[in-house]
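# Overview (structure and organization)
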Amino acid sequence: MKIYSIRERPEFIPAMLESLERHWPACMPWIKKHMGLVLAQPGPIPDAYIAVDHGKVVGGYTLAIKQILYSEAEGLWIATLYVDPKFRGQHLSPILIDHARRRGGELGYEKIYLASEHCNYYEKYGFYTIGPDACAWGEPTQMFENTTLPPVVHKKIA
């Protein structure tokens, strides 16, 4: 499996949107708006990442800058983290979460946030609840926080 920014591989956007449309139809207006912002801006944020295995989109996530819960400050958020149902149970979520946390570290962020209605899930990956909130499509959610990961250092072989 390889993870790409959609800026690198825009040909995968239709397959990603088709999968999301089937499983998260209420989120699609936000997702489509976000994809447009990603493609219109040179980056690095906002961005969207897709996990591709043998030519198939198996999952992905987006990164965005949003206001931190109960604060005027903004932070880096993982949004729309998903694994296509056909590929669930293959431990792809922790790979995507680590990728997002490492990307956040590469960009100089110390913390990363996400919102989800899934309690007792993201805690397995070091996230902790910072409070309740409602996401953009109106469903009740919890807000979570975690630290980013340092960039991978590639050592030169002499």
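What counts, and where the lines are drawn
- Residues numbered from 1 in each chain as written.
- Predicted model: local features only at pLDDT ≥ 70, side-chain atom pairs only at ≥ 80, totals over all residues.
- Heavy atoms only, no water.
- Helix = DSSP H or I, 4+ residues; strand = E, 2+ residues; numbered from the N terminus.
- Rg over C-alpha atoms; globule rule 2.2 N^0.38 Å.
- Buried < 20%, exposed > 50% of the residue type's maximum accessible area, 1.4 Å probe, protein only.
- Contact = heavy atoms within 4.5 Å.
- Areas by Shrake-Rupley, 256 points an atom, 1.4 Å probe, with all protein chains shown as cover.
- Lys, Arg positive; Asp, Glu negative; His and termini not counted.
- Charge placed at Lys NZ, Arg CZ, Asp CG, Glu CD.
- Core = buried A, V, L, I, M, F, W, Y, C linked by side-chain atoms within 4.5 Å.

Bringing the overall build of the chain into the picture now. Along its length, the chain carries 3 helices and 7 strands. The helix and strand sequence of the chain, counted from the amino end, reads β-α-α-β-β-β-α-β-β-β. Here the C-alpha atoms of the chain give a radius of gyration of 15 Å, agreeing with the 15 Å that 2.2 N^0.38 yields for 158 residues. Once the C-alpha set of the chain is aligned to its principal axes, its extents read approximately 50 × 40 × 35 Å. When the 158 residues of the chain are sorted by exposure, 43% land in the buried category. In the chain, once contacts between residues fewer than 6 apart in sequence are set aside, the share between residues at least 24 apart is 59%. Looking at the chain as shown, the accessible area adds up to about 8,900 Å², and 55% of this sits on carbon and sulfur atoms. Here the chain carries 17 positive and 17 negative side-chain charges, and the mean point of each set is 7 Å from the other.

Moving on, we get to unusual backbone geometry. The residue after Gly43, namely Pro44, is reached through a cis peptide bond having omega 10°. As for its placement among the helices and strands, Pro44 is situated in the loop between α2 (28-40) and β2 (47-53). Residues Ile45 and Pro46 are joined by a peptide bond in cis, for which omega reads 5°. Mapping Pro46 onto the fold places it in the loop between α2 and β2. Phi at Thr80 is positive, roughly 45°, even though this residue is not glycine.

Ranked by internal contacts, the top residues of the largest apolar core, which has 21 residues, are Tyr61, Leu63, Ile78, Leu81, Leu96, Ile112 and Phe127. Residue assignment for this core shows that the elements contributing at least two residues are β2, β3 (56-67), β4 (74-83), α3 (92-106) and β5 (111-116). Excluding anything up to four places from it in sequence, Ile112 contacts Leu63, Leu76, Ile78, Ala100, Arg101, Phe127, Phe144, Glu145, Asn146, Thr147 and Thr148. Of all hydrophobic cores here, the second largest spans 17 residues; its members include Leu17, Cys27, Val52 and Val57.

Purely geometric numbers; function is a separate question.
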